[in-house]
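What follows is the residue order along each chain.
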Amino acid sequence: MTDNSTRLDHVVLWVSDPAASAAFYQETLGLAPVRITEFIAGEAPCPSVRVNDETILDLMPMTMAERMKTLPGAAESAGHPVNHVCLSLPEADFHGLRTHLEEQDVPVSDYSYDSFGARGKARRSFYFRDPDGNVFEARHYG
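Source: prediction; values computed, not measured.

## Overview of the overall build of the chain
The secondary structure content of the chain amounts to four helices and eight strands. Secondary structure of the chain in N-to-C order comes out as β-α-β-α-β-β-α-β-α-β-β-β. Across the 142 residues that make up the chain, the buried fraction comes to 35%. Of the roughly 8,700 Å² of accessible surface on the chain, a fraction of 52% belongs to carbon and sulfur atoms.

Listed below in structure tokens is the structure:
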């Protein structure tokens, strides 16, 4: 990619089992895995899942938290100051995700309406957690 404009590149989530988390994101959210084989072979520090062409979620093992020395206090946070990550979806995918989560017995919140985000007010949104307790919001605008 040659466009160097400002954009979200990746979010790092602390997880207990990166391979299992990658499977969750692949099977539940339909996100494509990245570097799974390399992670299992010990050639990458973590696997990732692709949100879109420009953005990935890194699934960092919690055991790596103690190595986070570049920023004072980072090891102690282990991601907990993050409130949630929001995924914006087309309306049909939004409904499909909620149905799939419910079929997999993943608890979901009630709907929220007209919550503000990067593109203004979203018509509807709901929240759920991944297997490690990371909170996600799913929303659609149109």
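## Thoughts on the sheet that holds strand β4 (residues 55-61)
Taken together, four strands build an open sheet; the order of strands is β1-β4-β3-β2 and the sheet is mixed. Strands at the two margins of the open sheet, each flanked by one partner only, are β1 (10-15) and β2 (32-34). Neighbouring strand axes in the sheet, compared pairwise and without regard to direction, differ in orientation by 30° on average. Direction of pairing for strand β3 (residues 48-52) relative to β4: antiparallel, over a ladder of four bridges.

## Description of the sheet that holds strand β7 (residues 120-129)
Taken together, the four strands give an open sheet; going across it, the order is β5-β8-β7-β6, and neighbouring strands pair in mixed fashion. A single partner strand is all that each edge strand has here, and the edge strands are β5 (85-88) and β6 (112-117). Averaged over neighbouring strand pairs, the angle between their axes works out to 45° when direction is ignored. Direction of pairing for β6 relative to β7: antiparallel, over a ladder of five bridges. The residue bridging Ser-112 from the neighbouring strand is Ser-125, located in β7. This element, helix α4 (residues 91-103), spans β7 and β8 (135-140) of the sheet and lies at about 20° to β7.

## A short note on the pattern of salt bridges
All chains considered together, the criterion is met by four salt bridges. Arg-124 is the salt-bridge partner of Glu-91, the closest N and O atoms lying 3.9 Å from each other. Of this pair, Glu-91 sits in helix α4 while Arg-124 sits in strand β7, placing them 33 residues apart in sequence. Overall, Glu-91 belongs to the partly exposed group, its relative accessible area being 33%. Measuring nitrogen to oxygen at the nearest pair gives 2.9 Å for the salt bridge that ties Glu-137 to Arg-139.

## Focus on the pairing of β5
Regular strands place side chains that alternate from one sheet face to the opposite one. Burial along β5 is one-sided: Val-85 and Leu-87 are buried, while Cys-86 and Ser-88, pointing the other way, are not. Sheet topology places β5 next to β8; four bridges connect them, and they run parallel. Bridging from a neighbouring strand, Cys-86 pairs with Glu-137 of β8.

## A word on the confidence of the model for the chain
Taken over all residues, the pLDDT of the chain has a mean of 88, while the share at 70 or more is 87%. β2 holds the highest mean pLDDT among the elements of the chain, 96, whereas helix α3 (residues 74-77) holds the lowest, 60.

## Focus on the packing of aromatic side chains
Applying the stated rule across the entire model yields eight aromatic pairs. Aromatic side chains Tyr-111 and Tyr-113 sit 6.4 Å apart centroid to centroid with 50° between the ring planes, which places their arrangement in the tilted category. Exposure remark for Tyr-111: the relative accessible area of 28% places this residue in the partly exposed category. With 6.2 Å between their ring centres and 40° between their planes, Phe-126 and Phe-128 make a pair best called tilted. With respect to burial, Phe-126 and Phe-128 carry one shared label: buried. Lying across the ring of Phe-126, Arg-98 places its NZ or CZ 4.9 Å from the centre. The ring of Tyr-111 carries the charged tip of Arg-124 above its face, separated from the ring centre by 5.1 Å.

Rules used in this analysis
Residues numbered from 1 in each chain as written. Predicted model: local features only at pLDDT ≥ 70, side-chain atom pairs only at ≥ 80, totals over all residues. Heavy atoms only, no water. Helix = DSSP H or I, 4+ residues; strand = E, 2+ residues; numbered from the N terminus. Buried < 20%, exposed > 50% of the residue type's maximum accessible area, 1.4 Å probe, protein only. Areas by Shrake-Rupley, 256 points an atom, 1.4 Å probe, with all protein chains shown as cover. Pairing = 2+ DSSP bridges. Axes fitted to C-alpha atoms, helices over the stretch in contact; angles between N-to-C directions. Contact = heavy atoms within 4.5 Å. Salt bridge = Lys/Arg side-chain N within 4 Å of Asp/Glu carboxyl O. pLDDT = per-residue confidence, 0-100. Phe/Tyr/Trp six-rings, centres within 6.5 Å; stacked < 30°, edge-to-face > 60°. Lys NZ or Arg CZ within 6 Å of the ring centre and 35° of its normal.

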